[in-house]
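Given next are the chains, with one letter for each unit.
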Amino acid sequence: MTRVRIALGAIEAFAELDEVAAPRTTAWLREQLPIRNQAIHSMESGREVYALLDTQGPIPEENQTIYQCVGDLFVYHKPAIFVEPAWPRHVRTFLVIGFIYARDSAIRGMSGPLATNIVGRITQGMDALAHEAPRMRKEGFGEIAISVL
Amino acid sequence: MSDQSQGLPASPRRIRISLPGSGAAAVADLLDDDCPDTCSALWDLLPLRLKATHDIWSGHLIRSHLEGDTYLEPENVLTYIPVPGDVFYYYRPARYYRGSPYGRLESAEIGIVYDHDTRPQGPRGPEAVNLFAEISSGLAELRTACEAMIYEGQKELIIERMDDP
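1. Structural notes on the pattern of salt bridges
At step 1: Applying the stated criterion across every chain yields a total of 18 salt bridges over all chains.
At step 2: Glu160(B) is paired through a salt bridge with Arg16(B); the nearest N and O atoms lie 3.9 Å apart. One end of the pair, Glu160(B), is in strand S11 (residues 155-161); the other, Arg16(B), is in strand S1 (residues 14-19), with 144 residues separating them in the sequence.
At step 3: For Glu160(B), a relative accessible area of 28% gives the class partly exposed.
At step 4: A relative accessible area of 32% places Arg16(B) in the partly exposed class.
At step 5: Here Asp55(B) and Arg63(B) are joined by a salt bridge, their closest N and O atoms 3.6 Å apart. Each member of the pair, Asp55(B) together with Arg63(B), is buried.
At step 6: Salt bridges linked by common partners bring Glu44(A), Glu48(A) and Lys78(A) together as one network.

This is the structure in structure tokens:
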């Protein structure tokens, strides 16, 4: 099982990739790691933090759900309007990797729930993420780094 | 019968909405005809100096908590899908949501919609809000400053009277 480190601001957490349920997506993701990018708080889905990936995929429709849980690590195409303040009209979506850090959140698109590929679970440091994300929301967001251990 | 003979101002009361850290300022007209009690209650609170935070549920809007006893009866609560420039009041009663979001058991808020594709909502879904003002100028500058809050965090928000009728 592949373990990854998630560094957000001043804290770190660890996740395990679900290579059984999402073999193709996790294999693809491993090729993308490590990533280091601007962390962004969701403006439409609740308590979600995400980062842009430097590719548009493609990723398969695999291990998808609209019922994300706290600690789920997922990738999906987020509608461009929720990513870029000045929406580039020729771009419809951005491929992102993100996680939910508190309950009562659900990934949304323009017209309702959006299915995401669950690629892993955060197994350590969830409380730290749940503390750091709201802090950064008030004080300003920094970087997120995700790497294979 | 003129508006003035009915005790209403002939021209809309106006408020200035500014984010001093960014230099952005906009002017909004109060919707006295649609929600006179709300407009008067909020007018009486001005000037307000608040902390504004970007919303995480609703799209392109920022919001600020009002301090103290600021419960207002529902009035002009018709809008599920506001448009850019709409300014609304929203009250969340105690224990309406799980826990105490933002450290508050209950909350009275002012929201400012700065771009399209926005729908006020929370963990339980879409919420209708009390629309009480519309921005008439300065929205473009405000939009830029509001967008930046996603990355830069909360900012000071000042709402003040433009003029007395």
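2. Observations concerning helix H1 (residues 36-45) of chain B
Residue and element names in this part refer to chain B.
At step 1: Listed as buried for H1 are Thr38, Cys39, Leu42 and Trp43. In a view along the axis of H1, the buried residues occupy a sector of 125 degrees, so they form one face of it. In H1, the exposed positions angled more than 90 degrees off the buried face are occupied by Asp37 and Asp44.
At step 2: Along its buried surface, H1 packs onto S1, strand S2 (24-30), strand S6 (86-92), strand S7 (107-113), strand S10 (129-137) and S11.

3. Quick word on the nonpolar core
At step 1: Counting 53 residues, the largest nonpolar core has Ile15(B), Ile17(B), Val87(B), Phe132(B), Ile135(B) and Leu142(B) as the members making the most contacts within it.
At step 2: A per-element tally of this core places helix H2 (residues 139-152) of chain B first, with six residues.
At step 3: Leave out the neighbours within four places in its chain, and Phe132(B) touches Ile15(B), Asp29(B), Leu30(B), Leu31(B), Cys35(B), Thr38(B), Cys39(B), Leu42(B), Val87(B), Phe88(B), Tyr89(B) and Ile110(B).
At step 4: Core analysis: the next-biggest nonpolar cluster, separate from the first, contains 31 residues, Ile11(A), Ile35(A), Ile97(A) and Ile144(A) among them.

4. Here we look at empty space enclosed by the protein
All names here are of chain B.
At step 1: One pass over the full model with this rule turns up five cavities of 30 Å³ or more.
At step 2: Considering only enclosed or pocket space, the largest cavity measures out at about 220 Å³ in volume.
At step 3: Lining the largest cavity are 20 residues, and of these Asp55, Arg63, Tyr90, Glu109 and Gln121 sit closest to its centre.
At step 4: Contributions of two or more residues to the lining of the largest cavity are made by strand S4 (61-65), S6, S7 and strand S8 (121-122).
At step 5: Here the lining of the largest cavity takes three residues from S6, the largest share from any one element.
At step 6: Partitioned by chemical class, the residues of the lining of the largest cavity number ten nonpolar, four polar and six charged.

What counts as what
- Residues numbered from 1 in each chain as written.
- Chains lettered and ligands numbered in written order.
- Predicted model: local features only at pLDDT ≥ 70, side-chain atom pairs only at ≥ 80, totals over all residues.
- Heavy atoms only, no water.
- Salt bridge = Lys/Arg side-chain N within 4 Å of Asp/Glu carboxyl O.
- Helix = DSSP H or I, 4+ residues; strand = E, 2+ residues; numbered from the N terminus.
- Buried < 20%, exposed > 50% of the residue type's maximum accessible area, 1.4 Å probe, protein only.
- Arc of directions from axis to C-beta.
- Contact = heavy atoms within 4.5 Å.
- Core = buried A, V, L, I, M, F, W, Y, C linked by side-chain atoms within 4.5 Å.
- 1 Å grid on protein atoms, 1.4 Å probe; cavity = no way out; pocket = protein on both sides within 12 Å on 5 of 7 lines; lining within 4 Å.
- Points joined across faces, edges and corners; volume = space filled by probe spheres on them.
- Nonpolar A, V, L, I, M, F, W, Y, C, P; charged D, E, K, R; others polar.

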